[in-house]
Each structure stands twice: as C-alpha cells, then as structure tokens.
Amino acid sequence: MTTAAVVGIGDISGNHLYAIAQNPGIELVAVCDIDPARAEAAAGHWNVPGFTDVEAMLAAVRPDVVHVTLPHYLHAPIAAAALRAGCHVLTEKPVAESYGAGAELADIARTSGRTLGVCFQNRYNDSSIALRTLVDDRPYGRVLAGRASVWWHRNASYYASSPWRRTWREAGGGVLINQTIHTIDLLCWFLGAPESVSGVAANLTHRDIVEVEDTATVTMRHPDGVTSVYFATNSHSSDAPVELELTFESAIVRLQGGVVTATTANGAVEVLASDAKATGDRAYWGTSHARLIDDFHARVAEGEPFWIDADAALVSLGVLRDVYVASGLVPAAER
Ligand SMILES: NC(=O)c1ccc[n+]([C@@H]2O[C@H](COP(=O)([O-])OP(=O)(O)OC[C@H]3O[C@@H](n4cnc5c(N)ncnc54)[C@H](O)[C@@H]3O)[C@@H](O)[C@H]2O)c1
C-alpha cells in the first residue's frame, strides 16, 4: 500500500484522483490547492484533509507519493520541496518550465534517494507500445524515419480559464510544451534522443491572447541517421487525431486516432493495434494515466526505479529549448 496526495486541483487532477481511487493499493491521504474553494471541494468529494499550502500539507501528512498537477513553473520548486520532505514525486509533464529548471530538479531527485516520475502517459498506450516493439523487434527491418503532426484548437476561453498558460514565465511555452510535448516525447522514445534539432516556432493566430507560440515545425536527426519531421499547431478549427508515422525498410506504419496500421510494399494494409477507447470531451487525452500511475506506485512500493524519470523527460524539453532559442523566442541563458 502507498499513500498519495494530489497538489493542484485543476483540469488534469481528476485523471490522477480517479486513477488513485480505482487502485486498491493506493490510499489518497490529502489534496491541496492554493484556491480554498477548490481544496475544500476536492477534500469533501474524496473525504480527505484539504490544504491550501503545500509545506503545511507535507508537514501534516507526509504521503509516500506527491502528485504534482500544477502550472509548469511550479513543478520544479514543489517537486523539490516534496523530495526534500522525503516523498516520492509523480509530476505532470513537462518536468519543468525550462530545461535548466528540469536539470536542477533531476540533480535534486538523484541526491534525494526518492523517485521522481514524469507523466508521459502516452507511452502506455497500446498503440505506442506496438510501435516501440516494431522498432525493437524489426519485423519490417530497421526504422529509417518518422513524422508526426498535431492539429489542435485552443481559444481565448481556454487561456482565460488558466492564465498561466499564456506566458513564457509561467508556462515556458505554448503548443510545444503544453499541448504536444507528448508527441515529441514519443518520437524520441521510438527513434532515440536526437543528436541535432532544427525548428521554428511562432505565435501565428493567438497574438491577441497569449505570449507563447501556437505553431511549430521541428526536424530532428536521431542516432543511426534516422530523421524525423514534426508539425504542431493550436490554430486548427478543432482537435484532430494525432498522426505519427514510422518508415521501416519494408513497411510504413501509421498511428492515427489510436489505431496502428502497416502498409507493406504490395500495398496491403494490416491493423496492428488499437488503443482502448476513451470517452467524453477529453478523449484525446487518452486512457493511459491510470496505467502510468499504477506502474509508478508499484515501482515505489517495490523500491524500484521508474523508467520515465527526470532525465528521460529532459530529452523532449531539450528539443523545445533548441527550437525556442533558434526561433528567437527566449534567450538561451533563460532556458
Ligand atoms: N498528461 C496530460 O495529458 C495533461 C493534460 C492536461 C494538463 N496536463 C498538465 O497538468 C498540469 C496542470 O494543468 P491543468 O490544465 O490541470 O492546470 P489548471 O490551471 O487547470 O490547474 C492548476 C491548479 O493548480 C492550482 N495552483 C496554482 N498554484 C498553486 C500552489 N502554489 N499550490 C497549490 N495549488 C496551486 C490552481 O489553483 C489550479 O487549481 C500542467 O503541467 C499541464 O501541462 C497534462
């Protein structure tokens, strides 16, 4: 049995709270939000103590695992406080709002003797596991290249509901770091950490409402000459299914809308895998939070390391840093 607390009772916190509730091996012992109404509502709903201050929560209820579901700029300081208090930490992506802050947190985690995990839950999708298995087992030969695109929609009311999402200081970026870092993470997980990155990011259609970029194109060179091209935007009219394609020596394998298909040289198309279907208006967030949370708590309970640690999470953050700096959006020294 592990105990858990969730800090930050906003949009994504429900994914954590419901995953904790469905796992008989995890006991929720506290919730925390700086907004007293949110803290109180969650405390009442889950029948646990509610706090408005993390330090007070850590002093009163030292959970085994602190789930950090906060604005990006608070991930590193609050994760560090929890690690120093002797807790393990599962933080939402990104590990921090900048590469520098994430690297500092990685050092703190290493010396703390506690486990720090980062919530890249899409690595637990059946489709992602199928793609990674194809790369490793090579039934279609070596992987040669990848491409991916994310065409989503974010409007003024989305940013108004959580103003931290608008700014470089608090969000550390826009479409790349907030909405689509998962897809960069998957490309790097499938193809290897990039040896070089080129990219351009800009705010094309959201200039009146946010500082951060809403559209980006990235190219990466991965080990063994493998290349990838990536496009992401928040300027589409709706949220289209994420598309990701890997070119192998003898097949093109495509992930679209959670379904993986392989097209071989003779044109035959075979369905290889399909994600469990999520329902509701947030179905595009996927079904894998619970899988990742179950796995993280199981590793902690067994005293084993968790594979998506700060160093793993810094790979995608490093890609973003390179694109933001190359695009002149942030000075290199601040990343
Ligand atoms: N893994 C995913 O697919 C996914 C999806 C959505 C969001 N996220 C991530 O989850 C995190 C939170 O995003 P969100 O959309 O839920 O944000 P949100 O703005 O809806 O919620 C953040 C909450 O944190 C609270 N908060 C702010 N400062 C605090 C403090 N000092 N102490 C305690 N509480 C404080 C706010 O009051 C708010 O309730 C972000 O890192 C985001 O990128 C991940």
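## Section: the side chain of Ser-228
Position of Ser-228 relative to the elements: it lies in strand 10 (residues 227-233). The exposure class of Ser-228 is buried, given its relative accessible area of 1%. In this structure the side chain of Ser-228 is engaged in a polar contact, spanning 2.8 Å, whose partner is the side chain of His-222. Not counting residues within four places of it along the chain, the set of residues in contact with Ser-228 comprises Gly-146, Leu-187, Leu-191, Val-218, Thr-219, Met-220 and His-222.

## Section: the sheet that holds strand 1 (residues 2-7)
The parallel open sheet is built from six strands, whose spatial order is 3-2-1-4-5-6. Two strands close off the open sheet at either side, each with one partner strand: strand 3 (50-51) and strand 6 (116-119). Two elements, strand 5 (residues 88-92) and strand 6, share four bridges in a ladder whose sense is parallel. Following the sheet pairing, Glu-92 is matched in strand 6 by Cys-119. Packing of helix 2 (residues 36-46) onto the sheet brings it into contact with strand 2 (26-32) and strand 3, and relative to strand 2 it is tilted by some 155°.

## Looking at the domain arrangement of the protein chain
The parts lose accessible area when they come together, and the size of an interface is often stated as this lost area. Domains assigned within the protein chain are domain 1 (2-120 + 293-307) and domain 2 (126-275). On a C-alpha basis, the centroid separation for the pair domain 1 and domain 2 is 27 Å. Between domain 1 and domain 2, roughly 1,100 Å² of surface is buried when both sides are summed, and carbon and sulfur atoms account for 61% of that area. Ranking the residues of domain 1 by area buried against domain 2 places His-72, Tyr-73 and Phe-120 at the top, with a combined share of 46%.

## Some details on the sheet that holds strand 9 (residues 215-221)
What the eight strands build is an open sheet, ordered 8-9-10-7-11-12-13-14; its pairing is mixed. Whereas interior strands pair on both sides, the edge strands pair on one side only; in this sheet they are strand 8 (196-202) and strand 14 (269-274). Ignoring which end each strand starts from, the neighbouring axes of this sheet average 10° apart. Pairing of strand 13 (residues 259-264) with strand 14 involves five bridges; the strand directions are antiparallel.

## Examining unusual backbone geometry
For the bond from Lys-93 to Pro-94, the omega torsion is -10°, close enough to zero to count as cis. Structurally, Pro-94 is set in the loop between strand 5 and helix 5 (99-112). Phi is positive for Arg-138, close to 60°, though the residue is something other than glycine. Looking at the element boundaries, Arg-138 is found in the loop between helix 6 (126-137) and strand 7 (143-151). With a phi angle near 65°, Asp-224 is a residue other than glycine that sits in the positive phi range. Mapped onto the elements, Asp-224 comes out in the loop between strand 9 and strand 10.

## A closer look at the packing of aromatic side chains
In the structure shown here, the tally under the stated rule is nine aromatic pairs. Seen in terms of ring centroids, Trp-151 and Phe-231 are 4.9 Å apart; in terms of plane orientation they differ by 50°. Their pairing is tilted. With Trp-151 in strand 7 and Phe-231 in strand 10, this pair connects stretches of sequence that are 80 residues apart. Overall, Phe-231 belongs to the partly exposed group, its relative accessible area being 24%. For the ring pair Tyr-158 and Tyr-159, a centre distance of 4.9 Å and an interplane angle of 80° mean the geometry is edge-to-face. By relative accessible area, which is 2% here, Tyr-159 ends up buried. Counting every residue linked through ring pairs, the aromatic cluster contains Tyr-124, Trp-189, Phe-190 and Trp-307. Positioned above the aromatic ring of Tyr-158, the side-chain terminus of Arg-154 is 5.0 Å from the ring centre. Here Arg-321 stacks its cationic end above the ring of Tyr-99, 4.2 Å away from the centre of that ring.

## Let's talk about the pattern of salt bridges
Taken as a whole, this structure holds 14 salt bridges when the rule is applied. Across the pair Asp-311 and Arg-110 runs a salt bridge, and its minimum N-O distance is 2.7 Å. Remark: Arg-110 occurs in helix 5 and Asp-311 occurs in helix 12 (residues 310-326); sequence separation between them is 201 residues. For Asp-239, the salt bridge is made with Arg-154, and the minimal N-O distance between the two is 3.2 Å.

## Thoughts on the environment of Asn-23
Checked against the element boundaries, Asn-23 lands in the loop between helix 1 (13-21) and strand 2. Note: C-alpha distance between Asn-23 and His-297 (274 residues apart in sequence) is 9.7 Å.

Conventions adopted
- The residue count restarts for each chain, going from 1 along the sequence in the order it is written.
- Given that this is a predicted model, residues contribute local features only at a pLDDT of at least 70 and side-chain atom pairs are listed and counted only at 80 or more, while totals for whole chains, interfaces and linings are drawn from all residues.
- Each side-chain value is derived from all of the structure's non-hydrogen atoms; neither hydrogens nor water enter the calculation.
- Strands here are runs of E lasting at least two residues and helices are runs of H or I lasting at least four, both read from the DSSP assignment and numbered beginning at the N terminus.
- Using a 1.4 Å probe on the protein chains alone, a residue whose accessible area is under 20% of its type maximum counts as buried, one over 50% counts as exposed, and one in between counts as partly exposed.
- Residues adjacent in sequence count toward polar contacts only when both atoms are side-chain atoms; beyond that, a polar contact is any pair of N or O atoms within 3.5 Å, and within protein one must be able to donate a hydrogen and the other to accept it.
- Contacts are assigned to residue pairs with any non-hydrogen atoms lying within 4.5 Å of each other.
- For two strands to be treated as a pair, DSSP must find at least two bridges joining them.
- The axes are straight lines fitted to the C-alpha atoms, using for helices just the contacting stretch, and the angles between their N-to-C directions are given from 0 to 180°.
- Per the annotation, domain bounds derive from an automatic or database assignment of domains.
- Values labelled buried area give the accessible surface lost by two parts on being combined, using a 1.4 Å probe and summing over both.
- Within 6.5 Å between ring centres, the rings of Phe, Tyr and Trp (the latter by its six-membered ring) count as paired, and their orientation is classed by plane angle as stacked under 30 degrees, edge-to-face over 60, tilted in between.
- Only lysine NZ and arginine CZ atoms are considered, and such an atom sits over a ring when it is within 6 Å of the ring centre and within 35 degrees of the ring normal.
- The working definition used for a salt bridge is a side-chain nitrogen of Lys or Arg within 4 Å of a carboxyl oxygen of Asp or Glu.

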